[in-house]
Every structure is written in structure tokens, then in C-alpha cells.
Amino acid sequence: MERAIEIEPDEQRLADMLAIAEHRDQAALVRLFDHYVPKVRAFCLAAQPGANLMADDIAQEVMIRIWNKAHTYKPESASLNTWVFTLARNARIDYLRKNSRHQSDIDPEYLWQNVVDENADPFKDAQQKRDQERIQQGLEKLPADQKQVLAKVYLEGKTHKEAAEELSLPLGTIKSRVRLALHKLTIYVKR
């Protein structure tokens, strides 16, 4: 009586990966999907509990990348798990970069009003209060176009390029307005 040769799970996944790379084997992708999607979701949820939609999106993106990049996998360079979780980590970073630029209804001035410094230094506090007042006065003196650009870049966290696109202005104009506004504020604070 002959015994069937059992393939170890890791060997089977490696064989599935090679089948995807060489033959675009959809059944092999289904097996990898069944194995890796729950693990990739858990990886994402460990970093951000409750972010189920994000975890689903990233898991789907990882499987798409496995399908599209299977031919680039080199078993001699890294284990399949390492390669897949590198894809997952990169997909998560891409997802967060793409989705983290958003408007917030939080007023940055309100956010820091009630923060108490436990290592209070009266001289430092007085200096900081004076600087805050001067910066506030300086901001009030800035032209509206310079205030608008500073708000986009420093309060909303936009890049100069994103601010230029949103305001329909050339990138050089954005950079010039930021530089000019910061120079004016520096003069106001030093007085």
C-alpha cells in the first residue's frame, strides 16, 4: 500500500507562489489568499485596533501585489512570510500616507489652551507667552494670501505642492509666500 506524500504547509505556499509567478495559477492565489488575508488583517489591526476597513483594504492590496509581483519573489533572498509581510508593511504605509491628509475640525489654538506644564519655569513661561503674543500679532499683520498659505502648510500639514494645487497657484509662489511670511514673523518675534 503506497502512502501519499504530504507536503509541508510552508512548502505548499512556496509552490503556490511559484505557480502564480510562472503560470498565473488562480487556484494557488486562492490558497495563498485563504492563508495570508487573516494574518495581514491581524497585522494591520494590531497596529490600529478597530480599523477593520483599513485592514480589509490593505489585505486586498497585498493580494493584488502578490498577483502582480509574484515573479519578483526570490526564495533565496527571503522567506515567503517575510516577503508577504514586507508587502503588507509597505501597503500599510502607502495607505496611511494616501489617507492621512484630511481636513480637521479641530482648532489648533483650542487644542493647546488647557495644557499644564509640570516643569513650569516662570521665566520661560513669560518668554513663551510674550513670543505667542508677538506671533499672534505678527499673523494678524500678514496679508491674507500669506496667512492662507501658512495655514495650509503648517496647520493643515499640507506639502507646498498640495497647497499649490489646492490654491491653484504656482509652486514657486507658495514657497515665496511661505518664506516671506516666516521672515516677517521672525522680525515681529524678535522685537
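None of the values given here were measured: they were computed from a predicted structure.

Visitor: How would you sum up the overall build of the protein chain? Please name residues and give values.
Guide: When helices and strands are counted, the protein chain shows nine helices and zero strands. Start at the N end of the protein chain and walk to the C end: the helices and strands fall as α-α-α-α-α-α-α-α-α. Counting over 191 residues, the protein chain shows a buried share of 25%. Considering only contacts within the protein chain whose residues lie at least 6 apart along the sequence, 60% involve residues at least 24 apart.

Visitor: Describe unusual backbone geometry, with residues and values.
Guide: The phi dihedral of R24 falls on the positive side, at around 55°, and the residue is not glycine. By secondary structure assignment, the location of R24 is in the loop between α1 (9-23) and α2 (26-47). Backbone geometry at S168 places phi at a positive 55°, although glycine is not the residue there. Along the chain, the position of S168 falls in the loop between α8 (160-167) and α9 (171-190). Owing to a relative accessible area of 66%, S168 belongs among the exposed residues under this scheme.

Visitor: Residues and numbers for the side chain of R92, please.
Guide: Looking at where R92 falls in the secondary structure, it is placed in helix α4 (residues 80-99). Lacking a salt bridge, the buried R92 has D94 as its closest oppositely charged neighbour, with an N-O distance of 11 Å. If near-sequence neighbours (up to four positions away) are discounted, R92 is found in contact with F43, C44, A47, Q48, M54 and I58.

Visitor: Could you give an account of the packing of α2 against α4, with specific residues and numbers?
Guide: Running from amino to carboxyl end, α2 crosses α4 at an angle of 50°, the nearest separation of the two axes being 11 Å. In this view, α2 runs oblique relative to α4, as classed from their interaxial angle. Once α2 is placed against α4, the crossing between them reads as right-handed. Of the residues in α4, those touching α2 at L32, Y36, K39, V40, F43, C44 and A47 are L80, N81, V84, F85, A88, R89 and R92. When the residues that make up the contact of α2 with α4 are grouped by side-chain class, the tally is 10 nonpolar, one polar and three charged.

Visitor: Any details on the packing of helix α3 (residues 52-69) against α4? Residues and values, ideally.
Guide: It is the contact of α3 with α4, at a shortest axis distance of 9 Å, that shows an interaxial angle of 125°. Classified by the angle their axes make, α3 and α4 are oblique. Seen from above, α3 lies across α4 with right-handed handedness. Two secondary-structure elements touch here, α3 through M54, D57, I58, E61, V62, R65, I66 and K69 and α4 through W83, V84, L87, A88, N90, A91, R92, D94, Y95 and L96. Class assignment for the residues of the contact of α3 with α4 results in 11 nonpolar, one polar and six charged.

Visitor: Give a description of the pattern of salt bridges that names residues and reports values.
Guide: Taken as a whole and assessed by the stated rule, the structure comprises nine salt bridges. For the salt bridge of E133 with K129, the shortest nitrogen-to-oxygen distance reads 3.8 Å. In this pair, E133 and K129 are both assigned in helix α6 (residues 122-141), four residues apart and thus about one turn of the helix distant. Looking at E133, the relative accessible area reads 41%, which means it is partly exposed. The partner of K158 in a salt bridge is E166, and the shortest N-O contact between them spans 2.9 Å.

Visitor: Run through the side chain of R65, naming residues and quoting values.
Guide: With respect to the element layout, R65 can be found in helix α3. Among the polar contacts made by the side chain of R65, one reaches the side chain of D94 at a distance of 2.8 Å.

What counts, and at which threshold
The residue count restarts for each chain, going from 1 along the sequence in the order it is written. Under the rules for a predicted model, residues below a pLDDT of 70 receive no local features and side-chain atom pairs below 80 are neither given nor counted, while totals for whole chains, interfaces and linings still include all residues. Note: side-chain values were computed over all heavy atoms of the structure, leaving out hydrogens and water. Strands here mean DSSP runs of E at least two residues long; helices mean DSSP runs of H or I at least four residues long; both are numbered from the N terminus. The buried label applies to any residue whose accessible area, calculated with a 1.4 Å probe on protein chains only, is under 20% of its type's maximum; exposed applies above 50%, and partly exposed to all values in between. Any two residues whose heavy atoms approach within 4.5 Å are treated as being in contact. When charges are counted, Lys and Arg contribute as positive and Asp and Glu as negative, whereas His and the chain ends are disregarded. For this document, the term salt bridge refers to a Lys or Arg side-chain nitrogen within 4 Å of an Asp or Glu carboxyl oxygen. Convention adopted: a line fitted to C-alpha atoms gives each axis, helices being fitted over their contacting stretch, and angles between N-to-C directions are expressed from 0 to 180 degrees. Every angle not falling under 35 degrees, over 145, or within 65 to 115 is termed oblique; those three ranges are roughly parallel, roughly antiparallel and roughly perpendicular. Note on convention: the crossing is left-handed when the near helix lies turned anticlockwise from the far helix by less than a right angle, right-handed when the turn is clockwise. Residue polarity follows a fixed list, in which Ala, Val, Leu, Ile, Met, Phe, Trp, Tyr, Cys and Pro are nonpolar, Asp, Glu, Lys and Arg are charged, and the others, Gly among them, are polar. Throughout this description, a polar contact denotes any pair of N or O atoms lying within 3.5 Å of each other; where both atoms belong to protein, one of them has to be capable of donating a hydrogen while the other can accept it, and for residues adjacent in sequence the pair is counted only when both atoms sit in side chains.

Structural measurements only, silent on function.
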